Amino acid sequence: MTSEEMQNTVQFILEQQAQLTIKVDKLAESQLSYQSRSGQLEETLGMLVQVIRNMDERADKTEKRLDTTDERLALLREAQSSTDEYLALLAKEQLNYQSRTNRLEESFSILVQLTRDMDERMDSLAEADKQTDEKLGRLITTVERYINEGRNGKSQG
């Protein structure tokens, strides 16, 4: 192998190494971005869990109110007109509770869809990572073969 061929080989290897470094840097940036987005999603999920817990506590409080109301109704059966007004108020509260429950179900559906989207994105990233690893492996094999062939040729020459 001539000096010029050797310089060309070294130049080629350096260029390939630079390209590989750029690709690895881009992959690292992509990984950081994914981790950031994953952290944001975890934070959002934590907030949603807290909202659900708050809603559950409110539901428990509402349930306790309903129990108390039932006890009061048993004591105040003689005051039918007052009871009718109170029952109308309870019906309104029930509608509000149902409305909140419906909104919670809608929020949960959105959360499920976001989770599915995140799973798809994670699968996509995993596939891209796998393809990158395969390409990198092929590049390493090619470079090693090229280097080994160059050394074998030089030692035999």
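Residues numbered from 1 in each chain as written. Predicted model: local features only at pLDDT ≥ 70, side-chain atom pairs only at ≥ 80, totals over all residues. Heavy atoms only, no water.

Student: Can you break down the overall build of the protein residue by residue, with the values?
Tutor: Secondary structure assignment for the protein yields two helices and zero strands. Projecting the C-alpha coordinates of the protein onto the three principal axes gives extents of approximately 115 × 15 × 15 Å. Expressed as a percentage of its 157 residues, the buried residues of the protein come to 8%. Taken as a whole, the protein presents about 12,900 Å² of accessible surface, with 53% of it coming from carbon and sulfur. If the 21 positive side-chain charges of the protein are averaged to one point and the 30 negative ones to another, these points end up 2 Å apart. (Helix = DSSP H or I, 4+ residues; strand = E, 2+ residues; numbered from the N terminus. Buried < 20%, exposed > 50% of the residue type's maximum accessible area, 1.4 Å probe, protein only. Areas by Shrake-Rupley, 256 points an atom, 1.4 Å probe, with all protein chains shown as cover. Lys, Arg positive; Asp, Glu negative; His and termini not counted. Charge placed at Lys NZ, Arg CZ, Asp CG, Glu CD.)

Student: Lay out the side chain of Thr9 in plain terms, naming residues and giving numbers.
Tutor: Looking at the secondary structure, you find Thr9 in helix H1 (residues 3-75). Exposure remark for Thr9: the relative accessible area of 10% places this residue in the buried category. Setting aside residues up to four positions removed in sequence, Thr9 forms contacts with Met1 and Tyr146. (Contact = heavy atoms within 4.5 Å.)

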